[in-house]
Amino acid sequence: MSALRERALAWLYTRPQARAWALLAPGGFWLVAFFLVPLLLMFVYSLMPRGIYGGVEPGFTLEHYARFIDPLYLQVLQRTFAWSIACTVICLFLGYPVAYVIARSSRWRTFLLFLVVLPFWTSFLVRTFAMIFLMRDTGLVNSWLMRLGLTEEPVTMLYTPFAVMIGLVYGFLPFMILPIYASLEKLDSSLLEAAEVLGARPAARFRRITLPLSMPGVVAGSLLVFIPALGSFLTSDLLGGAKQVMIGNLVQNQFSSARNWPFGSAASFIVMALVLAAVMWYLHVKDRPVGLEITK
Amino acid sequence: MTGTHKGTPVVQFVGVSKSFGDVKAVDDVSFDIRRGEFFSILGPSGCGKTTTLRLLAGFEEPDEDGGEVRLLGETVNKKRPYERKIAMVFQNYALFPHLDVTRNVSFGLEQRKTPKSEIEDRVRRALEMVRLKPDVFSKRLPGQLSGGQRQRVALARALVLEPAILLLDEPLGAIDLKLRKEMQLELKSLNQQLGTTFVYVTHDQEEALTMSDRIAVMDNGRVAQLGTPAEIYENPRTASVARFIGESNFFNGQAGRRTGGRWVVAQPDGGSFEVPDHPGITDACQVQIAVRPEWMDVQKPDSIPPGENALMGTVRDIIYLGETMHVIVTVPGTGDVTVALRNEGQLIKPLLWKRGDTAAVAWLPEDCQILEAE
């Protein structure tokens, strides 16, 4: 047995390519079996007529894709994009300073990073429910507002776009902070010193050195926030109620209560195509230099 | 520049101290740097040389009542680097990786609001000054350059500002020996040609000796000695300076008789040697001297030239170094003494010595460097 093992190892040892395949195989199999195959299945479903009790019937149709071009759905799509973009921008403006401070700190760095990832220790569902308690009419925020005499009536927060945005930003902020932190942490402080001797004041050092060199982190963070935000449904479901539907809710609904799998699949593929287009546009735009231009 | 201006030192350190917590990195340091001088700050790592340079650049502030740093006659203790008329070349070059060569070099000019029409021309001239062809290199990113080329860009980026003072923090540490020698000569000639004051920090004694007009040798946060390369090499003030600059053999003893302008120094184990008169030597005081290996000779015990100091020992090893040969002689009570002999062609004129021979190390009393206690 061990002789066989020896021989297998010796064989692998002389063949770097075979070794690479051997290392790729388990994870690769997982992705193919549980991601690629279902994805293909969904694509096939999206092109087949709807079955009466869910599922599909044999045949070919484009009706599900055609059905999506309806003001009702397009409005949901538009709202989803607008909110995801807003969420990304807010996360960027909130997250960059946090990442900057963490990257600059020495003694507190580990502790601050720990705080950033701490929310992941509890389920997202539980945390979202907690926000309901915070924001509902009889919730903590309103009871304080009324106790302080700032308002007579409770301010309606729950089931508004505001509540959804609070929830989205809260949920995705760590995904913005961590990549920006990683790129700022790598920034060589002697570059900033060099800029300072060359006459750059703090604002110029940030604009011309820190910001451009942290762009990879900004790009990664933005993608890590924007893409999951587009697909999110839990936040809008719990904090937005029935009125603030996002595309994720639509898809989820088609697969569950509406039992329209082909339409749900078609909607998913439309969103996927749009995400791909948006990301490619973003990656194209971000290559336009930021802060590198010579002052004219 | 007017004559009166020429007299003022460009840089003055007046009793400057800088502590980090309990550690005194720079301890009551004073020196002047003259206009146009190539001034080196030399010392082992942790001696305070980099902190001294950073105080000069403005990255560090002297302690409260920690003396004064003056640039061009003006006290600059509280001034930020961008308010000082200096430029600096960093140890790791610190080129901006996202900017091409032109934009790296023009960075300082842009920050100082130089008219755009002027920038292009000055960048080109700066690149030519450091012998980088602008047409070839101007659009390259730092990542596409070799170490030596990066070094030149860093130099151009500093020189383009036409600073009164150029600070260099071990700029040649990361490039290979041959290129380093070449850059040493180039830096020296730029210093002479531009009239810019160069302040050069290094731990490489040979580099400091090659390039400097004057050297400040630092040790433990203090200036151990300040002088021309020859003064420091030929007359080190303390054992640590002698040890750091070049190689030295050390001898100890007690001053005894004084005859004809010379002291006879008795070693603990019975040997003795003579040293020239020196104000630091008094009757029966402890004397430590250093003698450079190339000022010594190896002699047969029975043929020691009259008037020379000689200590008996055994040849322990012979090291062939090309230009020179090192004969290491173990002298009882002193230890290993290294004698450097000029190589006059081993194939034609082989060395007379071999391991185990009894031999004397001999040197002239005038070649003794009398060291102060530290």
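Given the structure is predicted, the values throughout are model-derived calculations rather than measurements.

### Some words on the overall build of chain B
Within chain B, the secondary structure is distributed over 10 helices and 20 strands. Viewed in the frame of its principal axes, chain B has a C-alpha envelope of about 80 × 55 × 45 Å. Across the 374 residues of chain B, 40% fall into the buried class. A sequence separation of at least 24 residues applies to 64% of the contacts in chain B between residues at least 6 apart.

### Some details on the overall build of chain A
Helix and strand counts for chain A come out as 14 helices and 0 strands. Reading chain A from its N terminus to its C terminus gives the helix and strand order α-α-α-α-α-α-α-α-α-α-α-α-α-α. If one aligns the C-alpha atoms of chain A with their principal axes, the spans along those axes are about 80 × 75 × 50 Å.

### Side note on the packing of helix α6 (residues 124-135) of chain A against helix α8 (residues 161-186) of chain A
Residue and element names in this part refer to chain A. Contact pair α6 / α8: the axes reach a minimum separation of 11 Å and the direction vectors enclose 140°. Viewed along their axes, α6 and α8 adopt a mutual orientation that is oblique. For the pair α6 and α8, the sense of crossing is right-handed. Facing α6, whose interface residues are F124, T128, M131 and M135, α8 presents A163, I166, G167 and G171.

### Quick notes on the sheet that holds strand β5 (residues 74-75) of chain B
All names here are of chain B. Taken together, the 4 strands give an open sheet; going across it, the order is β2-β1-β4-β5, and neighbouring strands pair in antiparallel fashion. Looking along the sheet, the strands with just one partner apiece sit at the ends: β2 (23-33) and β5. Helix α2 (residues 49-57) rests against β1 (11-20), β2 and β4 (68-71) of the sheet, and its axis sits at about 65° to β2.

### Observations regarding unusual backbone geometry
Glycine aside, a negative phi is what most residues show, and trans is what most peptide bonds show. In the Ramachandran plot, Y159 of chain A falls in the positive-phi region, its phi being about 60° despite a non-glycine side chain. Take Y159 of chain A: it is sitting in the loop between α7 (140-147) and α8. For K113 of chain B, which is not glycine, the phi dihedral falls at a positive 55°. Considering the arrangement of structural elements, one finds K113 of chain B in the loop between α3 (101-111) and α4 (116-129). A count of 8 C-beta atoms within 10 Å places K113 of chain B in the exposed class.

### Let's talk about the sheet that holds strand β11 (residues 249-259) of chain B
Residues and elements named next belong to chain B. Here we have 5 strands laid out as an open sheet, ordered β13-β12-β11-β14-β20, and antiparallel in their pairing. Both edges of this open sheet fall to β13 (272-276) and β20 (369-371), since each of them pairs with a single strand only. Ignoring strand direction, the axes of neighbouring strands in this sheet form an average angle of 45°. The pairing of strand β14 (residues 286-291) with β20 spans 3 bridges and is classified as antiparallel.

### A closer look at the nonpolar core
Judged by nonpolar contacts, the single largest core of 105 residues is most densely connected at A156, L167, V199 and V217 of chain B. The element contributing the most residues to this core is helix α6 (residues 147-159) of chain B, with 6 residues. Lining this core are residues from two domains, each supplying at least three of them: domain 1 (3-243) and domain 2 (247-371) of chain B. In this view, V199 of chain B contacts V11, I33, F39, L53, L56, I165, L167 and L168 of chain B; residues no more than four positions away in its chain are not counted. If you look at the next biggest cluster of nonpolar residues, it comprises 38 residues, including L239, V245, F263 and A267 of chain A.

### Quick look at helix α7 (residues 177-194) of chain B
Residue and element names in this part refer to chain B. With 18 residues, α7 extends 25 Å from end C-alpha to end C-alpha; this agrees with the ideal 26 Å at 1.5 Å per step. The complete set of buried residues in α7 reads M183, L187 and N191. Summarising the axial view, the buried residues of α7 lie within an arc of 75°, below the 170-degree limit, and thus occupy one face. In α7, the exposed positions that point more than 90 degrees away from the buried face belong to K178, L185, S189 and Q193. Buried residues belonging to α7 abut β3 (38-42), α6, β8 (197-202) and α8 (205-211). With its phi angle positive at about 75°, G195 sits one or two positions after the end of α7.

### Regarding the interface of chain A and chain B
Put simply, an interface is often sized by how much accessible area is lost when its parts join up. Counting from both sides, the interface comprises 17 residues of chain A and, opposite them, 20 residues of chain B. Those elements giving two or more residues to the side of chain A that touches chain B turn out to be α9 (189-197) and α10 (202-213) of chain A. Counting residues per element, the side of chain A that touches chain B draws most heavily on α9 of chain A, which supplies 6 residues. Grouping the constituent residues of the side of chain A that touches chain B by class yields 11 nonpolar, 3 polar and 3 charged.

### Points about the environment of G248 of chain A
Residue and element names in this part refer to chain A. Mapped onto the elements, G248 comes out in helix α13 (residues 247-255). G248 sits 19 residues away from A267 along the chain, and the two C-alpha atoms are 9.3 Å apart. Apart from residues no more than four positions distant in its own chain, G248 is found in contact with G231, S232, F233 and S236.

### Some points on the packing of α9 of chain A against α10 of chain A
Residue and element names in this part refer to chain A. α10 packs onto α9 with a crossing angle of 140° between their chain directions and a minimal axis gap of 10 Å. Between α9 and α10, the angle is such that the two are oblique. α10 is crossed by α9, and the crossing has right-handed handedness. Two secondary-structure elements touch here, α9 through L191, L192, A195 and E196 and α10 through R205, R208 and I209. Looking at the contact of α9 with α10 residue by residue, the class counts come to 4 nonpolar, no polar and 3 charged.

### Looking at the domain arrangement of chain B
Looking at chain B, the domain boundaries give domain 1 (3-243) and domain 2 (247-371). Across the boundary between the two partners, domain 1 of chain B contributes 6 residues, which contact 6 residues of domain 2 of chain B.

### Things to note about the environment of L53 of chain B
All names here are of chain B. Mapped onto the elements, L53 comes out in helix α2. On the basis of neighbour counts, which here come to 20 C-beta atoms within 10 Å, the residue L53 falls in the buried class. Taking the C-alpha atoms as reference points, L53 and E374, 321 residues apart in sequence, are found 24 Å from one another.

About the thresholds
- Counting restarts for each chain, with residues numbered from 1 along the sequence as it is written.
- Naming scheme: in the order in which they are written, chains are lettered from A and ligands are numbered from 1.
- Local features in this predicted model are restricted to residues of pLDDT 70 or higher, and side-chain atom pairs are both shown and tallied only at a pLDDT of 80 or more, whereas totals for entire chains, interfaces and linings draw on every residue.
- Working definition: helices are DSSP H or I runs of at least four residues, strands are E runs of at least two. Numbering for both runs from the N terminus.
- Burial is judged by counting the other C-beta atoms within 10 Å of a residue's own C-beta: 20 or more makes it buried, 12 or fewer makes it exposed, and any count in between marks it as partly exposed, with every C-beta position built from the backbone.
- Remark: residues whose backbone-derived C-beta atoms lie within 7 Å of one another are considered to be in contact.
- To define axes, lines are fitted to C-alpha atoms, for helices over the stretch in contact only, and angles between the resulting N-to-C directions are given on a 0 to 180 degree scale.
- Convention used here: angles under 35 degrees read as roughly parallel, angles over 145 as roughly antiparallel, angles from 65 to 115 as roughly perpendicular, and any remaining angle as oblique.
- Here a crossing is called left-handed whenever its near helix is offset anticlockwise from the far helix by less than a right angle, and right-handed whenever the offset is clockwise.
- By definition, two strands form a pair when at least two bridges between them are found by DSSP.
- Any set of buried Ala, Val, Leu, Ile, Met, Phe, Trp, Tyr and Cys residues joined through C-beta atoms within 7 Å is what this text calls a nonpolar core.
- How far each domain reaches was decided by an automatic or database domain assignment.
- Here the expected span of a helix is defined as 1.5 Å times the quantity of residues minus one.
- In this description, the arc belongs to the directions extending from the helix axis to the C-beta atoms.
- Only Asp, Glu, Lys and Arg are considered charged in this grouping, and only Ala, Val, Leu, Ile, Met, Phe, Trp, Tyr, Cys and Pro are considered nonpolar; every other residue, Gly among them, is considered polar.

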